[in-house]
Protein chains: 2
Amino acid sequence: MASQAELLIRPHGRATPARRRVLEVLLGAAHAMSHAEIEAELETDVCPDRVTLYRVLDWLVSKRLAHKIAGDDRAWRFNAVAADGHGHAHFHCTRCGQVYCLSELQPAFAFSLPPGYRFDSAELTIQGLCPRCSEAA
Amino acid sequence: MASQAELLIRPHGRATPARRRVLEVLLGAAHAMSHAEIEAELETDVCPDRVTLYRVLDWLVSKRLAHKIAGDDRAWRFNAVAADGHGHAHFHCTRCGQVYCLSELQPAFAFSLPPGYRFDSAELTIQGLCPRCSEAA
DNA sequence: AATCAAATGCAACCAACTTGCACATTCGAG
DNA sequence: CTCGAATGTGCAAGTTGGTTGCATTTGATT
Ligand SMILES: [Mn+2]
Ligand SMILES: [Mn+2]
Ligand SMILES: [Zn+2]
Ligand SMILES: [Zn+2]
């Protein structure tokens, strides 16, 4: 009985323990996770090496099973790509630094690019206070 | 006769040579510049030290005379804040890595945040090919 | 001109990755 | 099931981009 992670990974390449567990962690996360956060969540025997985790994350992104966004602490935050194929906006809390995916928020951009530019994708990041920090303030 | 840069800086603090020249460079730039690009543009006598440039850039950002955006090479890109007060979107070329400010592009976001989130500002970054790279492809 | 908070220069430091290479694992062919 | 080539992992060392602490200099107010 293969896990959801394994089913997602197999069509793209080898399902190694590290890849399985990292993707599982990302799938179960409520917010975008930094390398350090993921590492902390991992069992000690899976992926005893930081470098492997970096490579696993890169691989997941390259296969579009995850995506990464730049935080203001110059570290990447990762999360699994759901069925929506990353068609969602992100919320960056300026107090706790956390990044949340706003799955339900499908913004209606109305814009046209200047001539010469070729569009590929758009990323909307909203700054403000997350529910927890908003409450505390 | 004070330069434009000096006039912008003075209300916020000391107009030092480094601050003047860096802001001048940013004001004259067509795209967001990395630390290294700015340093290359600077005369050798102004700001002989990397650290000072970092501090000048941070200061300009803290006074809202410049803003910075994270590139995918984990380096910040800076540009001067014009009269629009950074109410513009950015275009990130996935081929050359350059970041352009789309001053004329004032996107109409239509969204409402989930309950609990407090809005502060939004940043829209569009991915694709810039005119130069689009041509070359 | 004197003053002094604010800015700079230097040296060392740090975190977040990246690279190179030997060794281990996966998984499909036989 | 076994084997072996392709693929992934572990370790050590290196690089990049940015910080910190502290002594010295400097801008602008008096
Ligand atoms: Mn997301
Ligand atoms: Mn801009
Ligand atoms: Zn928060
Ligand atoms: Zn380009």
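The model shown is predicted, which means the values in this text are computed figures rather than measured ones.

Conventions adopted
Starting from 1, residues in each chain are numbered consecutively following that chain's sequence as written. Chain A is the first chain written and ligand 1 is the first ligand written, with later ones labelled in order. Totals for whole chains, interfaces and linings use every residue, but because this is a predicted model, local features are given only for residues with pLDDT of at least 70 and side-chain atom pairs only at 80 or more, for both listing and counting. Note that water and hydrogens are dropped before the side-chain values are worked out from all heavy atoms of the structure. Only strands joined by at least two bridges in the DSSP assignment are considered to pair. Think of it this way: any DSSP run of H or I at least four residues long counts as a helix, any run of E at least two long counts as a strand, and we number them from the N terminus. Least-squares fitting of one copy onto the other uses the C-alpha atoms of those residues that reach a pLDDT of at least 70 in both copies. Any two residues whose heavy atoms approach within 4.5 Å are treated as being in contact. UniProt positions are given in the numbering used here, feature names are shortened, and annotations may be inferred rather than shown by experiment. Only protein chains enter the calculation, and the probe is 1.4 Å; a residue is then buried if its accessible area is under 20% of its type maximum, exposed if over 50%, and partly exposed in between. The rule for a salt bridge is simple: a side-chain nitrogen of Lys or Arg has to be within 4 Å of a carboxyl oxygen of Asp or Glu. Any N or O atom pair separated by 3.5 Å or less is treated as a polar contact, with the protein-specific requirement of one donor-capable and one acceptor-capable atom, and with residues adjacent in sequence counted only for side-chain atom pairs. Donors, by definition, are the N, O and S atoms found within 2.8 Å of a metal, the threshold being 3.2 Å for Na, K and Ca, and water is not counted, so a site can look incomplete.

### Comments concerning the sheet that holds strand S3 (residues 76-80) of chain B
Residues and elements named next belong to chain B.
No. 1: An order of S1-S3-S2 is seen for the 3 strands of this open sheet, with the pairing classed as antiparallel. Each of the sheet's edge strands pairs with one partner strand only, and the pair in question is strand S1 (33-34) and strand S2 (66-70).
No. 2: Here S2 pairs with S3 via 5 bridges, running antiparallel. In the strand pairing of S3, Ala66 is matched with Ala80.

### Brief notes about the relation of the copies chain A and chain B
No. 1: Aligned on chain B, chain A shows an RMSD of 0.1 Å; the corresponding rotation is 180° and the shift along the axis is 0.0 Å. The relationship between the two copies is best expressed as a two-fold rotation axis. Every residue of chain A has its C-alpha some distance from the rotation axis, and the shortest such distance is that of Leu124 of chain A, at 2.3 Å.
No. 2: A share of 100% of interface residues in chain A that are also interface residues in chain B marks the association as one of identical surfaces.

### Here we look at the UniProt feature "binding site: Zn(2+)" (unreviewed entry) in chain A
Residue and element names in this part refer to chain A.
No. 1: UniProt's feature table lists "binding site: Zn(2+)" (unreviewed entry) at Cys93, Cys96, Cys130 and Cys133, given in the numbering used throughout. A stretch of 41 residues holds the annotated residues, and the largest C-alpha distance among them is 8.2 Å, short enough that they meet in one place.
No. 2: Position of Cys93 among the secondary structure elements: in strand S4 (residues 89-93).
No. 3: We classify Cys93 as buried; its relative accessible area is 0%.
No. 4: With near-sequence residues (within four places) excluded, Cys93 lies in contact with Gln98, Gly128, Leu129, Cys130 and Cys133.

### Some thoughts on the interface of chain A and chain B
Much of the literature gives interface size as the accessible area that the parts lose upon coming together.
No. 1: At the interface, 36 residues of chain A touch 36 residues of chain B.
No. 2: Here chain A and chain B share 0 salt bridges between them.
No. 3: Our enumeration of links across chain A and chain B arrives at 11 residue pairs in polar contact (both at pLDDT 80 or more).
No. 4: For the side of chain A that touches chain B, the secondary structure elements donating two or more residues are strand S5 (99-102), strand S6 (118-129) and helix H5 (131-136) of chain A.
No. 5: If you tally residues by element for the side of chain A that touches chain B, the top one is S6 of chain A, at 12 residues.
No. 6: Pairing of S6 of chain A with strand S6 (residues 118-129) of chain B involves 11 bridges; the strand directions are antiparallel. Its bridge partner being in S6 of chain B, Leu124 of chain A is matched across the sheet by Leu124 of chain B.

### Considerations on the coordination of the zinc ion (ligand 3)
Note on metal sites: the ideal angle is 109.5 degrees for four tetrahedral donors, and 90 or 180 degrees for six octahedral donors.
All names here are of chain A.
No. 1: Around the zinc ion (ligand 3), the protein supplies Cys93 (SG), Cys96 (SG), Cys130 (SG) and Cys133 (SG) as donor atoms, at distances of 2.2 to 2.4 Å.
No. 2: Written as a sequence motif, the donor residues of the zinc ion (ligand 3) are C-x2-C-x33-C-x2-C. Across this residue pair, the class does not change: Cys130 and Cys133 are buried.

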